Amino acid sequence: MKPVMVVVLVDALGWSLVGHDAAFAPVLAERRPLATVLGFSSGALPTAFTGKLAREHGRWLMYRRAPEGGGVFRGLEWLRWLPARLRQSWRLTQWLTAQVARRVRGYFNLYEVPREELPAFDLPEQSDIFAPGGLPCDSLWDSLERRKLAWQGWNWRTSEPEARAQALAALERGGHDLVFVYSAVLDARLHHEGTQGAGVRTNVAEWSRWFGDAADAARRAGREPWLYLCSDHGMVDVTRTVDVMRALEALPVARGRDYLAFFDSTMARFWWHTPAAREAVRAALGPAQHGRWLAPQDLAEAGADFADHRYGDDVFLLDPGVLMVPSYMGRAPLAAMHGYDPTHPDMPGVLMSNRPLPPATTHLSHLRAFLEQELDALSAAGSGAA
Ligand SMILES: [Zn+2]
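Residues numbered from 1 in each chain as written. Predicted model: local features only at pLDDT ≥ 70, side-chain atom pairs only at ≥ 80, totals over all residues. Heavy atoms only, no water.

Looking at the coordination of the zinc ion
Put simply, the rule is: In this listing, donors mean N, O and S atoms no farther than 2.8 Å from the metal, or 3.2 Å for Na, K and Ca; water is missing from the atoms, so a site can look incomplete. Irregular is the default label, applied whenever a site is not tetrahedral (four donors, all angles between 85 and 135 degrees) and neither square planar nor octahedral (four or six donors, opposite donors over 155 degrees apart, all other angles between 65 and 115). By definition, any uninterrupted DSSP run of H or I lasting at least four residues is a helix, any uninterrupted run of E lasting at least two residues is a strand, and each is numbered from the N terminus. Only protein chains enter the area calculation, which uses a 1.4 Å probe; residues under 20% of their type maximum are buried, those over 50% are exposed, and those in between are partly exposed.
Only Asp187 (OD), Asp187 (OD), His191 (NE2) and His338 (NE2) from the protein coordinate the zinc ion, and they sit 2.1 to 2.4 Å from it. Its 4 donor atoms give the zinc ion angles of 57 to 151° at the centre, a pattern that matches the irregular case. Along the chain, the residues that donate to the zinc ion are spaced as D-x3-H-x146-H. Remark: His338 occurs in the loop between strand S15 (336–337) and strand S16 (349–353) and Asp187 occurs in helix H8 (residues 185–193); sequence separation between them is 151 residues. Residue classification places Asp187 among the buried residues on the basis of a relative accessible area of 13%. The exposure class of His338 is buried, given its relative accessible area of 4%.

Here's what the structure looks like:
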């Protein structure tokens, strides 16, 4: 029987959530934690698809400082002249989102980034990272094209129920060598409900059943199902919030004038205009805000050291379980978050399969090489049996 590879990436499916549950997707008997990278999916997915770290593929966080000459928000400098009420309006957000979507094919969200500060930043993900040619360096999708395989992928652009149904239908027809499904539904439910949420349990149970259905569909089409379930990171329940922005307001140095800053949910990133700003802000943020300053060596070990400091001159990272509220990503507290130190026990994702897993495949950056090996095996099996 000619094999078909079924690769599913469920965003935020943590090892600590399902790894030890033998009733979860019993067809995927081979399983292990998959260590993740520092940051969020905007950096983790490119690492999964290319096998490279942020410094090599260039993607780390959703927002970076704008390059010389401006980024995707260039031409929007007039936003600063709008009255605050208008700048914060839902209508302006809708209009801006539509404008940016005309320039950007990648995933983005304006969140709560102050509209007048947008021109100082840029969105690194401007093309479709799930398509050939969509990443700055060679990816799994480029490899699938080179191998001339019959494949199809679904991502956040399709709803999860539709993606699952269409992938099953493709398996039922039997014409594909590989189907790929990415979903961010579990990630959203975890953020809102926490790891014990009812909607989280429902979604996990749906995926558990889906793998059985996928195996059955492939066999009915005369294809041997090679199943892979992976994820880009886990999820940590939020135990406290901190107001980092307020801690900075009391300082004699001011955002905009003395430094530029971006507040992710778990990180505050700074670009200094003056040495005094650096000194004051670094002294103001510390253990009292439940976080620590990353040393250059920390960033180098995380593979997130950029010579041009496009993601920040300095990064303050919160402790696992601590959420920045407010941040540029949201004003309301959430039940769970990721983007913490990757060594926290709830941070690893999963790698599960009905195929043997090589002992050395333990980190997200190893995923692509493993899938390439499986593609080699698929070609060998295909040419023998077909
Ligand atoms: Zn998330």
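What follows continues from the structure just given.
Some words on the domain arrangement of the protein
Which entries qualify depends on this criterion: Either an automatic procedure or a domain database provided the assignment from which the domain bounds are taken.
Looking at the protein, the domain boundaries give domain 1 (2–55 + 132–237 + 343–385), domain 2 (63–123) and domain 3 (239–333). Between domain 1 and domain 2, the C-alpha centre-to-centre distance is 33 Å.

As for the sheet that holds strand S6 (residues 178–183)
Here is the rule we go by: Strand pairing requires that DSSP identify at least two bridges connecting the strands. Angles run from 0 to 180 degrees between N-to-C directions of axes, and those axes are lines fitted to C-alpha atoms, restricted for helices to the stretch in contact.
Pairing is mixed in the open sheet, where 6 strands are placed in the order S2-S16-S7-S1-S6-S5. Strands at the two margins of the open sheet, each flanked by one partner only, are strand S2 (30–34) and strand S5 (151–154). Averaged over all neighbouring strand pairs, the angle between strand axes comes to 15°, with direction disregarded. In the sheet, S5 pairs with S6 via 4 bridges, with the strands oriented parallel. Pairing of Gln152 across the sheet is with Val179, part of S6.

Comments concerning the sheet that holds strand S10 (residues 259–263)
Quick reminder of the rule: Here a residue-residue contact requires only that any non-hydrogen atoms of the pair lie within 4.5 Å.
Reading across from one edge, S10-S11-S13-S12 is the order of the 4 strands in this open sheet, with antiparallel pairing throughout. The open sheet has two edge strands, S10 and strand S12 (291–293), and neither has a second partner. Taking the axes of each pair of neighbouring strands and ignoring which way they run, one obtains an average angle of 15° across the sheet. The strands touched by helix H11 (residues 275–284) are S10, strand S11 (267–272), S12 and strand S13 (314–318); relative to S11, the strand with the most contacts, the crossing angle is about 160°.

Considerations on empty space enclosed by the protein
Threshold: Both cavities and pockets are sets of points on a 1 Å grid over the protein atoms alone; in a cavity a 1.4 Å probe fits but cannot get out, in a pocket the set is open with protein on both sides within 12 Å along at least five of seven lines, and lining residues sit with an atom within 4 Å of a point. Grid points are joined across faces, edges and corners, and a volume is the space filled by probe spheres set on the points. All amino acids are sorted into three groups, where Ala, Val, Leu, Ile, Met, Phe, Trp, Tyr, Cys and Pro are nonpolar, Asp, Glu, Lys and Arg are charged, and the leftover types, Gly among them, are polar.
Overall, the coordinates contain 3 cavities of 30 Å³ or more when judged by the stated rule. In this structure, the largest cavity occupies an estimated 50 Å³ of space. Taken together, Ser42, Arg59, Trp60, Leu61, Met62, Tyr107, Phe108, Leu123, Pro124, Glu125 and Tyr311 make up the lining of the largest cavity. Of the residues assigned to the lining of the largest cavity, the class counts are 8 nonpolar, 1 polar and 2 charged. Forming the walls of the second largest cavity are Val37, Leu38, Gly43, Thr47, Leu53, Ala54, Arg59, Trp60, Ala302 and Ala304. The residue inventory of the lining of the second largest cavity, partitioned by class, reads 7 nonpolar, 2 polar and 1 charged.

So, the nonpolar core
As a reminder, the rule being used: We define a nonpolar core as any set of buried Ala, Val, Leu, Ile, Met, Phe, Trp, Tyr and Cys residues linked to one another through side-chain atoms lying within 4.5 Å.
Formed by 41 residues in total, the largest nonpolar core has its most connected members in Tyr63, Phe263 and Phe270. Among the elements of the structure, helix H5 (90–103), helix H10 (244–249), S10, S11, H11, S13 and strand S14 (322–324) are those that each provide at least two residues to this core. For this core, the element with the most residues is S10, which contributes 5 residues. Mapping this core onto the domain boundaries places at least three of its residues in each of domain 2 (63–123) and domain 3 (239–333).

Details of the layout of surface pockets
Empty space left among the atoms is revealed by rolling a probe the size of a water molecule over them. For the largest pocket, the calculated volume is near 800 Å³. Lining of the largest pocket is provided by 33 residues; of these, Tyr107, Tyr111, Asp187, His191 and His338 occupy positions nearest its centre. Those elements that place two or more of their residues in the lining of the largest pocket are helix H2 (41–50), H8 and S14. Residue composition of the lining of the largest pocket, grouped by class: 19 nonpolar, 9 polar and 5 charged. Quantified by volume, the second largest pocket comes out at close to 380 Å³. What lines the second largest pocket is a set of 16 residues, among which Gln88, Glu112, Val113, Pro114 and Arg331 lie closest to the centre. Looking at the lining of the second largest pocket residue by residue, the classes come out as 7 nonpolar, 3 polar and 6 charged. Both domain 2 (63–123) and domain 3 (239–333) contribute no fewer than three residues apiece to the lining of the second largest pocket.

What to know about the packing of aromatic side chains
In plain terms, the rule: The aromatic pairing rule takes the rings of Phe, Tyr and Trp, using the six-membered ring of Trp, and pairs them if the centres are within 6.5 Å, calling planes under 30 degrees apart stacked, those over 60 edge-to-face and the rest tilted. Two thresholds decide whether a charge sits over a ring: the Lys NZ or Arg CZ must be within 6 Å of the ring centre and within 35 degrees of the ring normal.
Applying the stated criterion to the full structure yields 26 aromatic pairs. Plain terms: the ring middles of Phe130 and Phe180 are 6.3 Å apart, the flat faces sit at 35° to each other, and that makes the pair tilted. With Phe130 in the loop between strand S4 (121–122) and helix H6 (140–146) and Phe180 in strand S6, this pair connects stretches of sequence that are 50 residues apart. Here Arg164 stacks its cationic end above the ring of Trp207, 4.3 Å away from the centre of that ring.

Let's talk about a nonpolar patch on the surface
Going by this rule: Patch building starts from residues that exceed 30% relative accessible area and form no salt bridge, then joins like charges within 9 Å and nonpolar side chains (Val, Leu, Ile, Met, Phe, Trp, Tyr) within 5 Å. Where accessible areas are quoted, they stem from the Shrake-Rupley method and a 1.4 Å probe; at the residue level, only the protein chains shown are allowed to cover. The rule for a salt bridge is simple: a side-chain nitrogen of Lys or Arg has to be within 4 Å of a carboxyl oxygen of Asp or Glu.
On the surface, Trp78, Trp81 and Trp95 cluster together into a nonpolar patch covering about 410 Å² of accessible area. Looking at where Trp95 falls in the secondary structure, it is placed in helix H5.

Here's the deal with the packing of H8 against helix H9 (residues 198–220)
Operational definition: When describing relative orientation, an angle under 35 degrees is termed roughly parallel and one over 145 degrees roughly antiparallel, while 65 to 115 degrees is termed roughly perpendicular and anything else oblique. In this scheme, a crossing is called left-handed if the near helix is turned counterclockwise away from the far one by less than a right angle; it is called right-handed if the turn is clockwise.
Close contact between H8 and H9 brings their axes to 8 Å; oriented N to C, the two are set at 160°. On the basis of the axis angle, H8 is roughly antiparallel to H9. In this structure, H8 crosses over H9, and the sense of that crossing is left-handed. Residues Val185, Leu186, Arg189, Leu190 and Glu193 of H8 form the contact with H9, whose own contacting residues are Ala198, Gly199, Val200, Thr202, Asn203 and Val204.

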